[in-house]
Amino acid sequence: MLRDSFGRVATDLRVSLTDRCNLRCSYCMPPEGLEWLPKPGLLTADEIVRLVTLAVERLGVTEVRYTGGEPLLRRELVDIVARTSSLRPAPQVSLTTNGIGLVRLAAPLAEAGLSRVNVSLDTLDRETFEKLAHRDRLPDVLDGLAAADAAGLRPVKVNSVLMRGINDHEATALLRHCLERGYELRFIEQMPLDAQHGWSRENMITAEEILAALREDFDLTEADPGERGSAPAELFLVDGGPARVGVIGSVTRPFCGSCDRVRLTADGQVRNCLFATDESDLRSAMRAGASDEELAERWLAAVRIKKAGHGIDDPSFLQPSRPMSAIGG
């Protein structure tokens, strides 16, 4: 198993399929975009499936989440999902996406074996969406959410990041929107993963602030803590349930002690944490002819040295050089 020195076991693999994205969300990248990873350096579909197969069949991974950038931009996505869902033991296969393109791909992905989706939606206002994402694509995201629900990719989960002075007044509206449609909403604290390195704790909307805003209109009671397990979201029943809302306090309420995630970047690097400053290269070894046994040992060694926590509160904390789009969420 992918066990670190603190006894945590990584069973949840996040795989980035590309660093490219068709939005320019301000908490991720600048309006002009970034210099994308060179195509020859990206893992091929066969290389991705080989490493995922290794993780599932030999290293104990039980859930595979495909991410980006924007994974719907990866041409071979449906094939990669189909090959992943056919592995034995079968992992749960999910996807984190901005939703643009789901109208076309939700049904094929469901047929390929995708279990569910997490869709980013930070605002219900079209002008605010364009201000945040620098693209006028809100209708496409809303249509994508509906398409995912219609295709049976349930529960459809919605991820929202609130930005001070921009969309922080929309917490209640976002929750009502999701409750009316049966989506599960997760608010996520803004993290220091923007390419511009402009994040500051003072400007971040905290978990406490989010909960306070929601409690002005809803009765929130903490869900069974035992149900959370290693999940990052604290869950709350809304008006007695069964509907729930989650808050992921990555910065102010870190959950590092129960983390079960490991990440594989689009260019084949193992990362133990979103905020890691070091990586372990599987791509070069694989392309040099390493056997599955050798790759497994490299992966085990990479996870073994995982740190106790992300260290954001430590004075020596350094934001990783890679932005979120190049890491995979």
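Residues numbered from 1 in each chain as written. Predicted model: local features only at pLDDT ≥ 70, side-chain atom pairs only at ≥ 80, totals over all residues. Heavy atoms only, no water.

**Focus: the overall build of the protein**
Condition: Numbered from the N terminus, helices here are DSSP runs of H or I no shorter than four residues, and strands are runs of E no shorter than two. C-alpha atoms define the radius of gyration, and 2.2 Å times the number of residues to the power 0.38 defines the globule rule. Here's how the labels work: a residue is buried when its accessible area is under 20% of the maximum for its type, exposed when over 50%, partly exposed in between, all with a 1.4 Å probe on protein chains only.
Summing up its helical and strand segments, the protein has 11 helices and 12 strands in all. Whereas a compact globule of 329 residues would reach a radius of gyration of roughly 20 Å, the protein reaches 19 Å, a difference of no more than 12%. For the C-alpha atoms alone, the extent of the protein along its principal axes is close to 60 × 45 × 40 Å. With 329 residues in all, the protein has 55% of them scored as buried.

**Looking at helix α7 (residues 207–215)**
The criterion, for reference: The arc in question is traced by the directions running from the helix axis to the C-beta atoms. When checking whether two residues touch, look at their non-hydrogen atoms; a contact exists if any pair is within 4.5 Å.
All of the buried residues in α7 are Ala 207, Ile 210, Leu 211 and Leu 214. Viewed along the axis of α7, the buried residues span an arc of 95°, placing them on a single side of the element. Buried positions along α7 lie against α6 (171–181), β6 (184–188), β7 (220–222), β8 (234–238) and β9 (244–248).

**Points about the nonpolar core**
The test is simple: Nonpolar cores are built from buried Ala, Val, Leu, Ile, Met, Phe, Trp, Tyr and Cys residues. Side-chain atoms within 4.5 Å join them into one set.
Formed by 98 residues in total, the largest nonpolar core has its most connected members in Tyr 66 and Trp 299. Among the elements that take part in this core, helix α1 (residues 45–58) stands out by supplying 7 residues, more than any other. Leave out the neighbours within four places in its chain, and Tyr 66 touches Val 15, Leu 17, Ile 48, Val 52, Pro 71, Ile 80, Val 81, Thr 84, Val 93, Ser 94, Leu 95 and Thr 96.

**What about unusual backbone geometry?**
A negative phi angle is the norm for most residues apart from glycine, just as the trans form is the norm for most peptide bonds. In the segment running from Arg 154 into Pro 155, the intervening peptide bond is cis, with an omega of -5°. Examined against the element boundaries, Pro 155 turns out to sit in the loop between α5 (138–150) and β5 (157–160). Of note, the amide linkage connecting Gly 241 to Pro 242 takes the cis form, showing an omega dihedral of 5°. Structurally, Pro 242 is set in the loop between β8 and β9. Backbone geometry places His 134, a non-glycine residue, at a positive phi of 60°. Mapped onto the elements, His 134 comes out in the loop between α4 (126–133) and α5. We note that Asp 239 has phi near 50°; this positive angle belongs to a residue other than glycine. Counting through the fold element by element, Asp 239 comes out in the loop between β8 and β9. Residue class for Asp 239 comes out partly exposed when judged on its relative accessible area of 47%.

**Regarding the sheet that holds strand β10 (residues 261–264)**
The strands that make up a sheet pair up through hydrogen bonds in the backbone, lying either parallel or antiparallel. Keep this limit in mind: Strands are labelled as partners when DSSP assigns at least two bridges between them.
On the basis of which strands lie adjacent, the open sheet formed by 12 strands has the order β7-β8-β9-β6-β5-β4-β3-β2-β1-β10-β11-β12 and mixed pairing. This sheet does not close on itself; its edge strands, each paired only once, are β7 and β12 (280–281). Where β6 meets β9, 4 bridges bridge the pair, whose relative direction is parallel. Its bridge partner being in β9, Arg 186 is matched across the sheet by Gly 246.

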